[in-house]
Structure formats: structure tokens, C-alpha cells
Amino acid sequence: MSYQPLKGQKALVTGASSGIGAGVALSLAQAGADVVINYASSAAGAEKVVKEITALGRQALAIKADVSKEDEVAAMFKQMISAWGTIHILVNNAGLQQDAAFVDMTLEQWNKVIGINLTGMFLCSSLAVKEFVRRGMQPELSRAMGKIICMSSVHETIPWAGHVNYASSKGGVKLFMQSLAQELAPQKIRINSIGPGAIQTPINRSAWETPEALSSLLTLIPYGRIGLPEDIGKATVWLASDDSDYVSGQTIFVDGGMTLYPEFARGG
Ligand code: NAD
């Protein structure tokens, strides 16, 4: 059996019916956790992940909720806690892009991205923290009272023309995560982020689906390959486990070196 540092713990992954969220949910289950698969619209995608997890001998529960809606998030946490008693690990993964040149960007596009990518993290983290505190420590399961992992992006630090709403949301995630980590560390709650580079998922299909697009993308990645959801899954398991017990308020970039200013390898 594989290493199971999360055995007995209950996790919730938002936006887990596809891409990185699905990969993360599977990695958490392989590490021993039971996992709630939150989804916004794809019940079929969520059920597929549920089947993969139950085949591993772990529990999985698909719950529909729009993370930007307070009442839906509240109902999701209520359902999870009445089914499984508590939550130990929250992965704030749900996110999207609504790209536009700035002169064309509408308030609706701005609000949608901020509402899901940033306010969604606030709503889910708020209820997770309330539950961590209500439940208290469970030293037989973890040295921390609870763990939150935020799916940020290399664009929490790299500006991105044509994507001002998205980059603003991820820049917001950086200080949301750090401020929350500073506030809650004394209560043994650890909050960290992962900053994925280019990971092969539906969100960025146009950047990898043709050989021309992929070769242009690879000029931005020193390590010379596109990332896979399991690359992010492995980092998430580490951040959720006691192996990272002394790590708090950090963003781990899992990006094949995308944040290393690769253009400077060829000049500068
Ligand atoms: P994806 O489109 O496959 O996944 C995003 C998921 O979020 C989808 O399952 C979608 O249904 C869900 N979602 C969207 N709106 C929602 C809502 N209102 N409520 C609940 N769920 C909602 O793309 P992905 O690449 O797997 O993205 C996952 C996360 O990773 C996002 O936060 C994204 O910003 C981040 N990210 C991805 C990359 C990449 O290269 N793929 C890079 C950096 C960061």
C-alpha cells in the first residue's frame, strides 16, 4: 500500500470534477483521505472522480455548489459535516478565466472572476475555519487543527496582459492566504498556496492542443514539459500532511521554472 499520511482525514476539493481539482482529489484519496468532490455543473465529471476514489477503498461524495454563492457554500458544508462529522483539509481550487482586452472588459467579467476565484475562497475558508475551531485538535490524525490549500497561479506574481481580472484575483489570493495564515497559525491552522504554472487542463486548452501552441508555450517553461494534474496533486498531499507541519503562509510554485524569468536565459 502507498504512503498514507492523510488516513482518517476528511477533505473537500472545490471545482473537483475536472482538471487540477480532479487530480488533487485523487491524490488526496491515494494518500488516505475521504474526499468531497464539489462541482458547479458537471455532475458526470464529479461522479467519475467519485467512482475512481471509491475504487481505491476511500469514501467520496459529490456535492453541487457555486463557490461564489454564500447559501450554496453553507449548504455544501452542512451536507459534508452531517455526512462525515467534520472537515480537516480544504482545497480552494475552483477558478476560471473570462479573458478580454482591458478596454473591452465588462464589470460582469470582472465580478465573475473575482467572485469565484477570490470571494469563493473567502466563503469556503470561513466555514472550514469555523468547523476546525468547533472540532478542536485531533492529535491522532494531525499535528494541525486544520489545513487550507489555495490554488493560486504563477499569475499571483507574473502580470498578465489581457487577463487583468484573473491576475488581480490571484494577486488577491496571495495576501488572502498570507494574512489568514498569520492570523490562524497560533490556533494550529496552516494555510498555504500552490502556484501552478502551465498544467494540461480544460482551462488552457488553446495553449497546448496544437503542436504550434505547445511549442510556443514551452519557450516559457525551462523544464521543457507541460505540467500534469498529478504534479499538483503530489504537492497538495505534502501541504495537507504533517510532513509540511512547519510550513505556513507559503506559495509553492509548481511550474517547471516558469517563474524564473526564462527570457533571461537567452539574453539580458
Ligand atoms: P478547470 O477548468 O478544469 O477547473 C476549474 C474547475 O472549477 C472546473 O471544474 C469548474 O467547473 C470549477 N468551477 C468554476 N466555477 C465554479 C464555481 N462557481 N463553483 C464551483 N466550481 C467552479 O481548470 P484547472 O486548470 O483545473 O483550474 C483549477 C485551478 O487551478 C483554478 O483555480 C485555476 O485558476 C488554477 N490554475 C490552473 C493553471 C493551469 O495551467 N491549468 C495554472 C495556474 C492556476
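An account of the accompanying structure is given in this report.

About the thresholds
Residues numbered from 1 in each chain as written. Predicted model: local features only at pLDDT ≥ 70, side-chain atom pairs only at ≥ 80, totals over all residues. Heavy atoms only, no water. Near = heavy atom within 4 Å. Polar contact = N/O pair within 3.5 Å; in protein donor to acceptor, adjacent residues only side chain to side chain. Areas by Shrake-Rupley, 256 points an atom, 1.4 Å probe, with all protein chains shown as cover. Helix = DSSP H or I, 4+ residues; strand = E, 2+ residues; numbered from the N terminus. Nonpolar A, V, L, I, M, F, W, Y, C, P; charged D, E, K, R; others polar. Axes fitted to C-alpha atoms, helices over the stretch in contact; angles between N-to-C directions. Parallel < 35°, antiparallel > 145°, perpendicular 65-115°, else oblique. Left-handed = near helix turned anticlockwise from the far one by under 90°. Contact = heavy atoms within 4.5 Å. Pairing = 2+ DSSP bridges. Buried < 20%, exposed > 50% of the residue type's maximum accessible area, 1.4 Å probe, protein only. Right-handed = clockwise from strand over helix to strand, strands pointing away. Core = buried A, V, L, I, M, F, W, Y, C linked by side-chain atoms within 4.5 Å. Phe/Tyr/Trp six-rings, centres within 6.5 Å; stacked < 30°, edge-to-face > 60°. Lys NZ or Arg CZ within 6 Å of the ring centre and 35° of its normal. Expected span 1.5 Å × (residues − 1). Arc of directions from axis to C-beta.

Looking now at the site of the ligand. Lining the immediate environment of the ligand, one finds 27 residues, of which I20, N93, Y166, I199 and T201 sit closest. In the model, an oxygen atom of the ligand is placed 3.5 Å from a nitrogen or oxygen of the G95 main chain. Separating an oxygen atom of the ligand from a backbone N or O atom of G197 is a distance of 3.1 Å. Summarising the interface, the protein chains cover 91% of the accessible area of the ligand, which totals 820 Å² for the free molecule. Among the secondary structure elements, those contributing two or more residues to the shell around the ligand are α1 (19-30) and α5 (164-184). For the shell around the ligand, a count of residues per class yields 13 nonpolar, twelve polar and two charged.

Moving on: the packing of helix α4 (residues 107-135) against α5. One way to put it is that α4 packs onto α5 with a least axis distance of 8 Å and a crossing angle of 15 degrees. The pairing of α4 with α5 is recorded here as roughly parallel in orientation. Viewed along their axes, α4 and α5 form a crossing whose handedness is right-handed. Residues Q109, W110, V113, I114, N117, L118, M121, F122, S125 and V129 of α4 form the contact with α5, whose participating residues are V164, N165, Y166, S168, S169, K170, G172, V173, F176, L180 and L184. A per-class count over the contact of α4 with α5 returns 13 nonpolar, seven polar and one charged.

Quick look at the sheet that holds strand β2 (residues 34-39) now. Read from one edge of the open sheet, seven strands run β3-β2-β1-β4-β5-β6-β7, paired in parallel fashion. Each edge of the open sheet is held by one strand with a lone partner, namely β3 (60-64) and β7 (251-254). Taking each pair of neighbouring strands and ignoring which way they run, the sheet shows an average axis angle of 20 degrees. The sheet contact formed by strand β1 (residues 10-13) and strand β4 (residues 89-92) spans three bridges and is parallel. Residue pairing for β4: A11 is matched across the bridge by I89. On top of the sheet, helix α3 (residues 70-84) reaches β1, β2, β3 and β4; it is set at about 155 degrees to β1, its chief contact.

Take the pairing of β4 next. A two-sided burial pattern is seen for β4, the buried positions comprising I89 and V91 on one face and L90 and N92 on the other. Bridge count between β4 and strand β5 (residues 146-151): four bridges; the pairing is parallel. Counted as the bridge partner of N92 is C150 from β5. Handedness of the crossover joining β4 and β5 through α4: right-handed.

L28, V35 and I37 are the most contacted members of the largest nonpolar core, which totals 33 residues. For this core, the secondary-structure elements that each account for two or more residues are β1, α1, β2, α2 (43-54), β4, β5 and α7 (229-240). In terms of residue count, the dominant contributor to this core is α1 (six residues). Every residue in contact with I37, bar those within four places of it in the chain, is listed here: V13, A16, S17, A25, A46, V49, V50, I53, L61, A62 and I63. In terms of nonpolar packing, the next biggest core, distinct from the first, is built from 31 residues, I87, L90, M121 and I148 among them.

Turning our attention to the environment of L6. With respect to the secondary-structure elements, L6 resides in the segment before β1. Judged by its relative accessible area of 0%, L6 is buried. The spatial distance from the C-alpha of L6 to the C-alpha of V237 is 7.9 Å, given a sequence separation of 231 residues. Apart from the residues lying within four places of it in its own chain, the contact partners of L6 are L28, A31, G32, A33, I89, V237, A240 and S241.

Let us now look at the packing of aromatic side chains. For any two aromatic rings, the description comes down to two numbers: the centre-to-centre distance and the angle of the planes. Within this structure, the stated rule accounts for two aromatic pairs. Ring geometry for W160 against Y166: centres 5.7 Å apart, planes inclined by 70 degrees, an arrangement best described as edge-to-face. Of the residues examined, W160 reaches a relative accessible area of 28% and is grouped as partly exposed. Seen in terms of ring centroids, Y261 and F264 are 6.3 Å apart; in terms of plane orientation they differ by 85 degrees. Their pairing is edge-to-face. Side by side, Y261 and F264 carry an identical accessibility label, which is exposed. Stacked on the ring of W84, the Lys or Arg K10 has its end atom at 5.7 Å from the ring centre.

Here α3 spans 21 Å end to end across 15 residues, near enough to the 21 Å set by a 1.5 Å rise per residue. Of all the residues in α3, the buried ones are V73, M76, F77, M80 and W84. Considered in projection along α3, the buried side chains sweep an arc of 95 degrees and stay on one side of the axis. Those residues of α3 that are exposed and angled more than 90 degrees off the buried face are D71, K78 and S82.

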